[in-house]
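A closer look at the structure
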Amino acid sequence: MKTSGLLVGSHNITQSKHCEQSLVSQSHSVIMYNNVCFLKVSRMLPGGMSVIGVFLVTPPELSKEAQNTLRRLIFAVDKHISKGRLWSLTEEDVTEKVTLHICSKTRKVVCRTYDVRDPKSSAKPADWKYQSGVCTSWPLLTCSVGLNLVFPVLEMHVLPQDMEKCMKEGLQTWAKQIEDGLCLINGDAMPGEVELLGGQKKNAKAVQQTFRAQILIPMAEPQSERRLTASVKVCSGSLTLKGMVQCRAYLHSNKPRAKHATEVIKRDVINTVSSRVEMFLEDLLMEGEDKGSVGVQQVLPRRVFAPVPGMSLCVCDYMFPDECVSDVSDRLKEMLDWETPEDSIDTSQEAVPEAPTIDLKNTVVQKNLKAKSTLDARPKTPSEDPTEAHKSHKTYYAGVAMAAAIALLATGTSLIYLSD
Amino acid sequence: MVVGNIILRLRGSLEFKCQLDSTDVPHVQKVISRTFEALGSQVKAESLVLSLSSSPVFLWPNKGGHATAGEISPNRPCKDLQQLIQTDDQESSRKKSAKKDKNNPTAGIINLTLMTEVTEPGVLSAPTLLRGSKKHHLLQTTLPMDCVVSVLSSESISVVCGTLVGALCSQLGDMEKVALRHMKGTALLIPQPFHFLLPAPVGLVTVVYPAGVPDSQLETQRKELHSLFELPDDRPYLRRANALHFPDEPYKDGYLRNPHVHLNHPALENGKPYLVQGVYSYHHYMQDRVDDNGWGCAYRSLQTICSWFQQQGYVERAVPSHKEIQQALVEVGDKQGSFLGSRQWIGSIEVAAVLDQLLGVTSKIMFVSQGNAECFRELANHFLSEGTPIMIGGGVLAHTILGVAWSETTGQIRYLILDPHYTGAEDLQVITDKGWCGWKGPEFWDQNAYYNLCLPQRPKTI
């Protein structure tokens, strides 16, 4: 029986040693690998946390084959997770990912790392060590970002086929603004090298610190070419993205610096917007285009947070308007394999939008009205008249074979690289 | 300029974006006005942030002037902001410009940039996507906001913030007027602000002009403004070239401007100086990779004069090269074709001819023999009424006269000379110390020589 999973955590570089803190635990039966799940899991991670590796548990006779599988897997995982990414890696980003092989008989752990930037990279040996209590005090950064973006749909584009293209282009520009923006932490513009937890005694009782982030960007980018007139584009439509997203990022507790903080929170801002847009478009693609949705404000999936059992961390999920908390709970069980009581899921961070404005000219609206009938705070049971849209989500998630699941350990672990 | 005042300059870009469902004029105008109105609300929003240049300080002007840095609170005087600005080492230039600072009213300017806080909490809910399907023209550009306010240095930060936001709003209003006035179909000319330092009591003024429309076509606007500000109607004050040059923005062309202002006054008892007005550039031997050492002095003096007419807004053409000067003389028939590419000297007559041909400027020619002191009165009057640099040719040399001074008590006369024979780099220290720009006594004149002076006249235009 094979067991496999993804390793999730955050990277922390201290001088010349890479020191990682990750969360790993045992998971259930896993049969095959499905690329989609890597992405889904990645979307559940707030800023500062990412998929840092994969693990595989096999009987001893499959150990050799396991190494090859792990290698292929780690590159595939990285490829799929970074596909829709709107921000760019910097030189300081760690691109070493971890593969862990555990022999089911001897419980021996073989740990290797690969540099996923280099397709030809070879395995580097690494040490896998267990530590306790390191994850309880990861500092937290929060902010909420307002969006009011209007993307033109140029004449040559046709909706809905080109919607993804138009949105991606527009979001790319916006993401660059956020990436280049200034980040204040607790109201201060500090130089990047400043340590955020300065002044704390080393072995003091670890209490989670929360920092408030503020992001400032120029109101507009000055024009690069010397234009004399405003540019004129003929458009066949427009896409307006409006609302507020709630963002969260965690920092490792080993001397986090201001520049790491600004980086992780900005990336979470960008990821949360691009994730939900992607999910919305995927859903649209699956459902098939309904003509009635033009002129109607469609609600994008909103972010909810769920605590990681035994730790002061949260993961997140996205709830479509016709879903309810039990759907989130089910998904968490599927993906991350832990039980989340429904009342511990925080759905209050992002407010439910008001009833969408309806374009009376379009009569093919009934279908949408039904879909939005469950648009209120926290229905305990799914709507009595499950609409097609509601059904499709359920089948979508259930239909996927349980591929890779997140594994979580009750205690924290640390990984020390032997290489330079 | 008012003593005890501080100047704050706020710059940034605002995104102008609007959808035109049709191209008929009333609709277009309505949409443009609405877009400017929306920008006005944006500027008054709590998410507006002003970044104090070269400092870690940010201000929220629509939240009462709340700032990031702990030491600054909204009721502190705005001059406290200056202390937070991190300047690079300016010790050496401080000494030189100490004298200049008294004359330069815009020294010590506080620069701010427009920003917005995307994390400003609002009452928005989770994101929604709206698909619009109406065909339209999308008009898009960025507006180059540039506001300057002059406030008492003791004025509180919160009040100053309010003044700045007010300046932004009124500039948006000016931009809207200019945009609508010059709009043709869907072509929206970008409104650009220019700052002018007008004579007292008017002071600092900002005017918005449409990009791409040359000064020659904006005479009506200038006439309106001249009468509004009660400016004389025979000389330009509001052409783009007259725009105020801020001290923290170095000239990009590399030429020195007005080196004479760094000189001490001539050592004369009761000496009254009559000086060139406005701004000129110092042109001399070996510049622009042209080796005219030994023959080009009059050409350089002519270039200095052309630079004056360009910077006072009379002409838009660039300072002519030696080639262009020679070409002009051939065109007017003053010289034969063989003159082109030669190293022949020119005199004040030729200078006057070129000024007329290339710039449309007429000149008075004055003939002086034996360093006649009588010419002093003419020169003084010239600087009072025209204020243009004078080219003087005689003997084997050509120079530029930038001013004269006379002592009532001793009767001594001094001449402010700009020497085009300098072959070195644009080093202000060397040029002033070694007298390449300096006050000279009567020994400057060769008693046995005859001199011709070219006195360029200001065209009567705005």
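Residues numbered from 1 in each chain as written. Chains lettered and ligands numbered in written order. Predicted model: local features only at pLDDT ≥ 70, side-chain atom pairs only at ≥ 80, totals over all residues. Heavy atoms only, no water.

Some words on the overall build of chain B
What counts, and what does not: Under the scheme used here, helices are H or I runs from DSSP no shorter than 4 residues and strands are E runs no shorter than 2 residues, and both carry numbers assigned from the N terminus. Whether a residue is buried, partly exposed or exposed follows from its accessible area with a 1.4 Å probe, protein chains only, as a fraction of its type maximum: under 20%, in between, or over 50%, in that order. Contacts: residue pairs with any heavy atoms within 4.5 Å of one another. Only the protein chains shown count as cover for residues, and the accessible areas themselves come from Shrake-Rupley with a 1.4 Å probe. Counting rule applied: Lys, Arg positive; Asp, Glu negative; His and chain ends not counted. For the purpose of locating charges, the reference atoms are NZ of Lys, CZ of Arg, CG of Asp and CD of Glu.
Helix and strand counts for chain B come out as ten helices and 16 strands. Its C-alpha atoms give chain B principal-axis dimensions of roughly 90 × 55 × 40 Å. Counting every position in chain B, which comprises 462 residues, the buried fraction comes to 52%. Nonlocal contacts in chain B, meaning residues at least 24 apart in sequence, comprise 70% of its contacts between residues at least 6 apart. Accessible area for chain B stands at about 21,200 Å²; split by element, carbon and sulfur atoms hold 50% of it. Averaging the positions of the 42 positive and the 46 negative side-chain charges in chain B gives two centres separated by 3 Å.

Digging into the overall build of chain A
Each helix and strand in chain A was counted, giving seven helices and 16 strands. Split into buried and exposed, the 420 residues of chain A put 51% on the buried side. Contacts in chain A between residues far apart in sequence, at least 24 positions, make up 78% of those at least 6 positions apart. Split by element, the accessible area of chain A, about 19,800 Å² in all, is 53% carbon and sulfur.

Concerning the interface of chain A and chain B
Going by this rule: Buried area adds together the accessible area that both of two parts lose upon being put together, with accessible area traced by a 1.4 Å probe. By convention in these notes, a salt bridge is any Lys or Arg side-chain nitrogen within 4 Å of a carboxyl oxygen on Asp or Glu. The definition of a polar contact used here is a pair of N or O atoms within 3.5 Å, where within protein one atom must be able to donate a hydrogen and the other to accept one, and adjacent residues in sequence count solely through side-chain atom pairs. A pair of strands is treated as paired once DSSP finds two or more bridges between them.
At the junction of the two partners, chain A supplies 65 residues and chain B supplies 46 residues. Taken together, both faces of the contact between chain A and chain B bury some 4,800 Å²; the carbon and sulfur share is 61%. Ranking the residues of chain A by area buried against chain B places Leu-216, Met-219 and Met-244 of chain A at the top, with a combined share of 15%. Linking chain A with chain B are zero salt bridges. Counting the contacts that link chain A with chain B gives 22 residue pairs in polar contact (both at pLDDT 80 or more). Tallying contributions element by element places strand β11 (residues 231-250) of chain A first for the side of chain A that touches chain B, with 15 residues. As paired strands, β11 of chain A and strand β7 (residues 136-152) of chain B are joined by five bridges and run antiparallel to one another. Note that in β7 of chain B the partner of Cys-235 of chain A across the bridge is His-136 of chain B.

Quick word on the pairing of strand β16 (residues 450-456) of chain B
A regular strand places its side chains on the two faces of the sheet in alternate fashion. All names here are of chain B. With respect to burial, β16 is a largely interior element, five of its seven residues being buried. Sheet analysis places strand β11 (residues 363-369) next to β16, joined by seven bridges and oriented antiparallel. Each residue of the ladder has a partner; that of Ser-363, found in β16, is Pro-456. Here four bridges tie strand β12 (residues 390-394) to β16, and the two strands are oriented antiparallel to one another. Looking at the pairing, Gly-394 lines up with Tyr-451 of β16.

Observations concerning the packing of aromatic side chains
Geometrically, a pair of aromatic rings is defined through the distance of the ring centres and the angle of the planes. All names here are of chain B. As a reminder of what qualifies: Here is the rule: rings of Phe, Tyr and Trp (six-membered ring for Trp) pair when centre to centre is within 6.5 Å. Planes less than 30 degrees apart are stacked, more than 60 are edge-to-face, and the remainder are tilted.
Scanning the entire structure with this criterion turns up twelve aromatic pairs over all chains. Taking the centre distance of 5.9 Å and the plane angle of 50 degrees together, the rings of Phe-194 and Tyr-209 count as tilted. Here Phe-194, found in strand β8 (residues 191-198), pairs with Tyr-209, found in strand β9 (residues 203-210); they are 15 residues apart in sequence, far enough to count as distant. For Phe-194, a relative accessible area of 17% puts it in the buried group. Look at Trp-308 and Phe-309: their rings are 4.9 Å apart centre to centre, the planes differ by 80 degrees, and that puts the pair in the edge-to-face class.

Describing the confidence of the model for chain B
Note the threshold: Every residue carries a pLDDT, the predictor's confidence in it, which falls somewhere between 0 and 100.
Predicted confidence across chain B gives a mean pLDDT of 89, with 93% of residues reaching 70 or more. Confidence drops under a pLDDT of 50 for residues 89-106 of chain B, and excluding neighbours within four residues, the segment shows 15 contacts in the predicted structure.

A word on the packing of helix α7 (residues 322-331) of chain B against helix α8 (residues 348-359) of chain B
Residues and elements named next belong to chain B. This is how it is decided: Each axis is a line fitted through C-alpha atoms, taken for helices only over the stretch in contact, and angles between the N-to-C directions span 0 to 180 degrees. When describing relative orientation, an angle under 35 degrees is termed roughly parallel and one over 145 degrees roughly antiparallel, while 65 to 115 degrees is termed roughly perpendicular and anything else oblique.
Packing of α7 against α8 brings their axes to within 9 Å, and their N-to-C directions diverge by 90 degrees. Looking at the two axes, α7 sits roughly perpendicular to α8. Contacts between α7 and α8 pair Glu-324, Ile-325, Ala-328, Leu-329 and Glu-331 from the former with Glu-350, Ala-353, Val-354, Gln-357 and Leu-358 from the latter.

Structural notes on the packing of helix α3 (residues 163-180) of chain A against helix α4 (residues 258-287) of chain A
Residues and elements named next belong to chain A. The criterion, for reference: Gly is placed with the polar residues, together with every amino acid not listed as nonpolar (Ala, Val, Leu, Ile, Met, Phe, Trp, Tyr, Cys and Pro) or charged (Asp, Glu, Lys and Arg).
Running from amino to carboxyl end, α3 crosses α4 at an angle of 175 degrees, the nearest separation of the two axes being 10 Å. When the axis of α3 is compared with that of α4, the two are roughly antiparallel. Contact residues: Met-163, Glu-164, Met-167, Lys-168, Leu-171, Trp-174, Ala-175, Ile-178, Glu-179 and Asp-180 in α3; Lys-266, Val-269, Ile-270, Val-273, Val-277, Glu-278, Phe-280, Leu-281 and Leu-284 in α4. Looking at the contact of α3 with α4 residue by residue, the class counts come to 13 nonpolar, no polar and six charged.

A closer look at the nonpolar core
Residues and elements named next belong to chain B. Our working definition: As used here, the term nonpolar core means buried Ala, Val, Leu, Ile, Met, Phe, Trp, Tyr and Cys residues forming a set that is joined through side-chain atoms within 4.5 Å.
Core analysis: the largest hydrophobic core is formed by 62 residues, its most contacted members being Phe-309, Ile-346, Leu-355, Leu-379, Ile-401, Val-404 and Leu-453. With eight residues, helix α6 (residues 297-311) is the single largest residue contributor to this core. In contact with Phe-309, other than residues within four places in its own chain, are Tyr-314, Val-315, Leu-359, Val-361, Thr-388, Pro-456, Gln-457, Arg-458 and Pro-459. Of all hydrophobic cores here, the second largest spans 49 residues; its members include Phe-16, Cys-78, Leu-84 and Val-149.

Some remarks on the pattern of salt bridges
Residues and elements named next belong to chain A. Under the defined criterion, the tally for this structure stands at 32 salt bridges over all chains. Put simply, Glu-169 and Lys-165 hold a salt bridge, and the shortest N to O gap is 3.2 Å. Of this pair, Glu-169 and Lys-165 both sit in helix α3, four residues apart, which is roughly one turn of the helix. Residue class for Glu-169 comes out partly exposed when judged on its relative accessible area of 45%. Note that Arg-267 and Glu-263 form a salt bridge whose closest N and O atoms lie 3.7 Å from each other. Here Arg-267 and its partner Glu-263 are both found in helix α4, four residues apart, which amounts to about one turn of the helix. Residue classification places Arg-267 among the buried positions, given a relative accessible area of 13%. Residue class for Glu-263 comes out partly exposed when judged on its relative accessible area of 25%.

Quick look at α7 of chain B
Residue and element names in this part refer to chain B. Here is the rule: To obtain the arc, one takes the directions from the helix axis to the C-beta atoms.
Of the positions making up α7, those classed as buried are His-322, Ile-325, Gln-326, Ala-328 and Leu-329. For α7, the angular spread of buried residues about the axis comes to 155 degrees, placing them on one side. Considering only its buried residues, α7 is in contact with α6 and α8. In the segment just after α7, Gly-333 is the residue with positive phi, at about 85 degrees.

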